[in-house]
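Residue strings, one per chain:
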Amino acid sequence: MRVAGCAKKMGDFPGVYYPRSQPTVSHSLYHHIQRGYVRMKGAIDRVGEGKRVRFTDGSEVCYDSIILATGYSFSLPFLNKDHRKHIFTATNEVNLYKNVFSPQLGSTLGFIGFVQPTSGGLITMSELQSRWMAELVSGSVKLPPATQMEKVISSERLWEKTWYYKSKRHTLQKIPILYNDEIGAMIGCKPSFFRDLSLTWALLFSVSAFQWRLNGPIPWKGAAQLCRQIKPVPFYQYSMLVVLLLLAMSIVGLLAHTFSGILSYQS
């Protein structure tokens, strides 16, 4: 990830910090703002007559065009009405266990792709969902009881409301690595740091779609080699080295304090 700059210094800041909302993935946008080609404005109060827009700070500006980037609402009109009322809520939320299965319908119907990664791509998450669905259809794994799935949905929704900015577009948020590991654990393809020590360093400091193909159903022989080829993220490496250094210093300090106490007791 490349951090291009701080949006707070560039004008009216929306007040939503990462990871409460997705970052703007564009290093060129920051430079356009610096040069004055793009101006940041706050929330819109109302759109007046013609092309005049009034903002919450009281300023008014005329624009040639207004692009409504409002997102979308979930709607699957081809589904039975009874199914829809169990799955979708008025606040654009979904009552799906791990964003895939309805507690009422079980494994008979799965929703692939109903997830929004906080960073990175959707493909690896959808692939894990599809593999989970295939394992359920084949009978290799089973879903937990409906009551347990409902409890998980409620707890995850509470966490999402606490962590993410309250908005109808933040109802499917998941952290890709944690989410993939959760699904991977259900079907037996969660990567293990200790199964292959030669891969430990690569798994600690880099992330790739190949790591969920190391083991489990339909493993791929080339996954380990490709995991090793991916260059570790320098930030992760430096952070881990700092953590290990602090841990070592703490252990040394604890041992020194212990031995000092023993020597004082003996004397």
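About the cut-offs
One numbering rule holds for all chains: residues counted from 1, following each sequence as written. Since the coordinates come from a predicted model, pLDDT governs what is reported: local features require at least 70, and pairs of side-chain atoms require 80 or more to be given and counted, while whole-chain, interface and lining totals use all residues. The basis for every side-chain value is the complete set of heavy atoms in the structure, and neither hydrogens nor water enter the calculation. Segments assigned H or I by DSSP are reported as helices when at least four residues long, segments assigned E as strands when at least two residues long, and all are numbered from the N terminus. Think of it in three bands: residues with accessible area under 20% of the maximum for their type are buried, residues over 50% are exposed, and the middle band is partly exposed, with areas taken using a 1.4 Å probe on protein chains only. In this description, contact between two residues means that some pair of their heavy atoms is separated by no more than 4.5 Å. Values of accessible area rely on a 1.4 Å probe in the Shrake-Rupley scheme; residue burial ignores everything except the protein chains shown. Between Lys or Arg on one side and Asp or Glu on the other, a salt bridge is scored when a side-chain nitrogen of the former is within 4 Å of a carboxyl oxygen of the latter. Strand pairing is defined by DSSP finding a minimum of two bridges between the two strands. Think of each axis as a best-fit line through the C-alpha atoms, taken over the contacting stretch in the case of a helix, with angles from 0 to 180 degrees between the N-to-C directions. Cavity: a set of points on a 1 Å grid over the protein atoms alone where a 1.4 Å probe fits but cannot get out. Pocket: an open set with protein on both sides within 12 Å along at least five of seven lines, its lining residues, like those of a cavity, having an atom within 4 Å of a point. Grid points are joined across faces, edges and corners, and a volume is the space filled by probe spheres set on the points. Think of it as three bins: nonpolar holds Ala, Val, Leu, Ile, Met, Phe, Trp, Tyr, Cys and Pro, charged holds Asp, Glu, Lys and Arg, and polar takes everything else, Gly as well. As used here, the term nonpolar core means buried Ala, Val, Leu, Ile, Met, Phe, Trp, Tyr and Cys residues forming a set that is joined through side-chain atoms within 4.5 Å.

**Details of the overall build of the protein**
Within the protein, the regular secondary structure consists of 8 helices and 7 strands. When each of the 267 residues of the protein is scored for burial, the buried share is 30%. Relative to all contacts within the protein whose residues are 6 or more apart in sequence, the contacts with residues 24 or more apart total 54%. Accessible surface for the protein amounts to roughly 18,000 Å². Of this, 61% is attributable to carbon and sulfur atoms.

**Quick look at the pattern of salt bridges**
Within the structure shown, the criterion is met by 11 salt bridges. Notably, a salt bridge pairs Lys98 with Glu156, separated by 2.5 Å at the nearest N-O pair. With a gap of 58 residues between them, Lys98 in the loop between helix H2 (81-87) and strand S4 (101-102) and Glu156 in helix H4 (residues 146-163) connect regions that are remote in the sequence. Across this residue pair, the class does not change: Lys98 and Glu156 are buried. Through salt bridges with shared partners, a single ionic network connects Asp45, Arg46, Arg52, Arg54 and Glu60.

**Overview of the sheet that holds strand S3 (residues 60-62)**
Read from one edge to the other, the open sheet built from 3 strands follows the order S1-S2-S3, with strand pairing classed as antiparallel. The open sheet is flanked by strand S1 (44-47) and S3, the only strands paired with a single partner. The mean inter-strand angle of the sheet, taken between neighbouring strand axes irrespective of direction, is 25 degrees. Relative to S3, strand S2 (residues 52-55) runs antiparallel, the two sharing 3 bridges. In the sheet register, Arg52 faces S3, and the bridge partner there is Cys62.

**Details of the layout of surface pockets**
If you add up the space inside the second largest pocket, you get close to 250 Å³. Considering the residues around the second largest pocket, the lining is formed by Thr91, Glu93, Arg157, Glu160, Lys161, Tyr164, Tyr165, Lys166, Ser167, Lys168, His170 and Thr171. Here the lining of the second largest pocket is built from residues that sort into 2 nonpolar, 4 polar and 6 charged.

**Some thoughts on the nonpolar core**
Core analysis: the largest hydrophobic core is formed by 18 residues, its most contacted members being Tyr97, Phe101, Leu128, Trp132, Leu136 and Leu143. Of all elements in the fold, only helix H3 (123-138), H4 and helix H5 (176-187) reach the threshold of two or more residues within this core. Considering each element in turn, this core owes the most residues, 4 residues, to H3. Residue contacts for Leu136: discarding those within four places in its chain leaves Phe101, Ser107, Val141, Lys142 and Leu143. Core analysis: the second largest hydrophobic core is formed by 11 residues, Phe74, Leu96, Leu105 and Phe111 among them.

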